[in-house]
Amino acid sequence: MVSMKDIARQCEVSVATVSKALNNRGDISIETKNRICQIAKEMGYLPNSSARALKTNRTYNLGVLFVDEANSGLTHSYFSHILDSFRLEAEKRGYDITFISRHAGKEVLSYYEHSKYRGVDGVVAACVDFETDEVRELINGNIPVVTIDYVFDNRTCILSDNVYGMAELVTHIIRQGHKKIAYIHGADSSVTRSRLESFFRTMKKYGIGVREEYIREGVYHSPDVSAQLTNELLALQDRPTCIIYPDDFSCIGGINVIEGCGLSIPNDISVAGYDGQRIARVIEPKITTYRQNAAEVGRMAARKLVELIEQPKSALIERVVVRGELVQGKSVLECK
């Protein structure tokens, strides 16, 4: 492995001068700095991360807490885009990422303990049950944390505007003439509560009553659960003319059931998803949905977390709200 001494020997300068050049110090000439950096690159020099950590008191490593109940992991149609965007922005700013779990070898640790064990400079909590004691231990610890789609008073949060998104989606469906609108929502969470409140508020705004039997609790990212609940909705004596699903992937389960019953989408019944993932654009009919700006959520999470790490005295605790856009597919037809 190439060392600073090797570079100093090749450049015929002191090790201190090499150090100044590689750390972009301003007390040597630009010509000398450029020459040393070029020779270091040609020699294949890579800075030692452990040495950098000792010097800066940072590991340049960000923890990612991601535990979804559907166990979809990095195939999750929404959070995978957030995490990829987070990773790209973190790398652009000189940071690596490490996933936080409850295991370190054979030891079982809390999320906070594992974050300490890995020595991460900060943590983004992207998908987890935020109301558990373990998560609250992490939130109340001394490690910078940014949350996604969950608000703590003492932590910066990046929020996808679920209230606005659901209002846009329901308004579009109502303007197509639908009044008998069913909503299969995800399991209880702050996101679910925001969307549900927005659904009821928008229906009330247009003077449309919500039938209790049209509201069903499902599971995010689960076509099987959505399929079962769709069967129940279709079996109602006065079935809905449109069904909203918790996400685009879950919507596929409903579509399969509807078509399996010999019904046509959207001629016999309309459907709508949420998230705006690629699957909504590649199936026929293309799904009407609300596209969340997952890329911007991920970018903002990385930016704000790095600010908290690098500017601890001036960085603000913020709630950053990110809006997406309505995508009008072919799965919602005008109801006459």
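Our subject in this report is the structure included herewith. Please read these numbers as outputs of a predicted model, since none were measured by experiment.

What about the nonpolar core?
Judged by nonpolar contacts, the single largest core of 29 residues is most densely connected at Leu62, Phe79, Phe86, Ile148 and Ile158. At the level of elements, strand 1 (61–66), helix 5 (79–92), strand 5 (122–127), strand 6 (145–148), helix 13 (294–310) and strand 13 (319–322) are the ones that each hand at least two residues to this core. With 9 residues, helix 13 is the single largest residue contributor to this core. With near-sequence residues (within four places) excluded, Ile148 lies in contact with Phe79, Ile82, Val124, Ala125, Ala126, Phe130, Ile158, Val297 and Ala301. By size, the runner-up hydrophobic cluster in this structure holds 20 residues, among which are Ala182, Ile184, Leu234 and Ile269.

As for a negative patch on the surface
On the surface, Glu107, Glu113, Asp133 and Glu137 cluster together into a negatively charged patch. In this fold, Glu107 is placed in strand 4 (residues 107–108).

Comments concerning the pairing of strand 7 (residues 156–160)
Of all 5 residues in strand 7, 5 are buried; the element is thus mostly enclosed. Side chains Thr156, Ile158 and Ser160 project from strand 7 onto one buried face, and the interleaved Cys157 and Leu159 project onto a second face that is buried too. Across 4 bridges, the pairing between strand 7 and strand 13 is parallel. In the strand pairing of strand 13, Ser160 is matched with Val322.

Reading guide: rules and limits
- Residues numbered from 1 in each chain as written.
- Predicted model: local features only at pLDDT ≥ 70, side-chain atom pairs only at ≥ 80, totals over all residues.
- Heavy atoms only, no water.
- Core = buried A, V, L, I, M, F, W, Y, C linked by side-chain atoms within 4.5 Å.
- Buried < 20%, exposed > 50% of the residue type's maximum accessible area, 1.4 Å probe, protein only.
- Helix = DSSP H or I, 4+ residues; strand = E, 2+ residues; numbered from the N terminus.
- Contact = heavy atoms within 4.5 Å.
- Patch = residues over 30% accessible without salt bridge, like charges linked within 9 Å, V, L, I, M, F, W, Y side chains within 5 Å.
- Areas by Shrake-Rupley, 256 points an atom, 1.4 Å probe, with all protein chains shown as cover.
- Salt bridge = Lys/Arg side-chain N within 4 Å of Asp/Glu carboxyl O.
- Lys, Arg positive; Asp, Glu negative; His and termini not counted.
- Charge placed at Lys NZ, Arg CZ, Asp CG, Glu CD.
- Pairing = 2+ DSSP bridges.

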